[in-house]
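Spelled out, the chains give:
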Amino acid sequence: MRFTDKVAIITGAGNGIGLGIAHAFAAEGAQVVIADISAAAGARAVTEIEAAGGRAFSAPTDVGNEEQVAAMTATVLAEFGRIDILINTAGVVVHKLLVDLELDAWQRQLDVQLTGPFLTIKHVGRHLMARAASGQPGGKIVNISSVSAMMGRVKGGAHCAAKGGLTMLTKVAAMELAAYGVTVNAVAPGLIDVPSQRAEENISTAYKTRYLQEVPLGHMGETTDIAEMVLFLCSDAARWITGQLYLVDGGLMAGHYSFQGNHDFTLLGGHAGAQGMTP
Ligand SMILES: NC(=O)c1ccc[n+]([C@@H]2O[C@H](COP(=O)([O-])OP(=O)(O)OC[C@H]3O[C@@H](n4cnc5c(N)ncnc54)[C@H](O)[C@@H]3O)[C@@H](O)[C@H]2O)c1
């Protein structure tokens, strides 16, 4: 129970990775706030978390809209009187070549995945600063990034640009809020098994199979794999860690299997099985 009575806002927690993070915080005693654009998904998340014995509250919010972010922050403060933790998870994905990408689709990705974290850090950050000034330092912020922050992906231009920008937003926020005892870090997941990733139109089986051949541990991650890292970064054990980006990707970013010494594909490591090789 590392987070008893802490108030944790988790954007995009109506589904997928954010929902997994919300469950994990609630299981450790936190009061979680589901700040998802979908009121229905938020209500469903609250029901699920409460059924598991946790405490959750839905505050439907479009993170790309400053008025809504300010209102959500005020609502949470009015309801609970404090905010301890902010996790930026909200995301949308568009798969298009740059030459085909409409400006509004580009803009939407940046609004949700880069401007959103800026706005929540701005509004929640002000509270964390004021809180520290009144003698309660120790706020925690974690931004959910992606391996796409470090690696280009065809048809992922807006996504990669937003996540790349999020790395620098994380570093600047870490520097600006450090004096108030607030840490700001980012977690970069590889492919995680969430319902939206199971839909063939979002991510094809052929793509998944090919992708997993490059993952040394050979399978998709679970939402708990990301939640565990987030909980650690929000725990006292991580008190001296800030401004960092942590990969949780099954080893994807360790290297490319196509780079082999002497081009000898019997020199193996990692997930040889998926490549039809003999370890
Ligand atoms: N699933 C993966 O494989 C994976 C890999 C790397 C990074 N990520 C990142 O993790 C985060 C969550 O991804 P996911 O796969 O769980 O997605 P998901 O689609 O399952 O969930 C995203 C949630 O964000 C909400 N959302 C969308 N726009 C919003 C807005 N404007 N304001 C508030 N909420 C909004 C959606 O309603 C949804 O509930 C994203 O930032 C994504 O880029 C996911």
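Sequence positions are assigned chain by chain, starting from 1 and proceeding in written order. Predicted model: local features are reported for residues with pLDDT of at least 70 only, side-chain atom pairs are reported and counted for 80 or more only, and whole-chain, interface and lining totals are derived from all residues. To get the side-chain values, take all heavy atoms of the structure and skip hydrogens and water.

J.: Kindly report on unusual backbone geometry, identifying the contributing residues and their values.
T.: Positive phi is not limited to glycine here, since Asp 5 has a value of about 65°. Secondary structure elements follow DSSP: runs of H or I no shorter than four residues count as helices, runs of E no shorter than two count as strands, and numbering proceeds from the N terminus. Within the secondary structure, Asp 5 sits in the segment before β1 (7-11). Residue exposure (1.4 Å probe, protein chains only): buried if accessible area is under 20% of the type maximum, exposed if over 50%, otherwise partly exposed. Note on Asp 5: relative accessible area 48%, which makes it partly exposed. Unlike most non-glycine residues, Lys 155 shows phi in positive territory, near 70°. Within the element layout of this structure, Lys 155 appears in the loop between β5 (140-144) and α5 (157-177). On the basis of relative accessible area, Lys 155 is assigned to the partly exposed category, the value being 41%.

J.: Describe in detail the nonpolar core, supporting the description with residues and values.
T.: If you look at the biggest cluster of nonpolar residues, it comprises 34 residues, and the most contacted ones within it are Ile 21, Phe 25, Val 32, Ile 87, Ile 226 and Val 230. Residue assignment for this core shows that the elements contributing at least two residues are β1, α1 (16-27), β2 (31-35), α2 (39-51), β4 (85-88), β5 and α8 (223-234). Residue contacts are defined here by distance: any two heavy atoms, one from each residue, within 4.5 Å place the two residues in contact. When near neighbours in sequence (up to four residues on either side) are disregarded, Ile 21 contacts Ile 10, Ile 87, Thr 89, Ile 144, Ile 226, Ala 227 and Val 230. Residue types Ala, Val, Leu, Ile, Met, Phe, Trp, Tyr and Cys, when buried and joined through side-chain atoms within 4.5 Å, form a set referred to as a nonpolar core. Ile 9, Val 76, Leu 128 and Val 182 belong to the second-largest nonpolar core, a separate cluster that totals 20 residues.

J.: Talk me through the packing of aromatic side chains; I want residue IDs and the actual numbers.
T.: Stacked, tilted and edge-to-face are the three classes assigned to paired rings of Phe, Tyr and Trp, where Trp is represented by its six-membered ring and a pair needs centres within 6.5 Å; plane angles under 30 degrees give stacked, over 60 edge-to-face, the rest tilted. Enumeration over the complete set of coordinates arrives at three aromatic pairs. Pairing Phe 57 with Phe 80 gives two aromatic rings, centres 5.3 Å apart and planes at 90°, and the pair type is edge-to-face. Linking Phe 57 in strand β3 (residues 55-58) with Phe 80 in helix α3 (residues 66-80), this pair joins segments that are 23 residues apart in sequence. On the basis of an interplanar angle of 35° and a centroid distance of 6.0 Å, the ring pair of Tyr 207 and Tyr 211 is categorised as tilted. Of this pair, Tyr 207 and Tyr 211 both sit in helix α7 (residues 205-212), four residues apart, roughly one helical turn.

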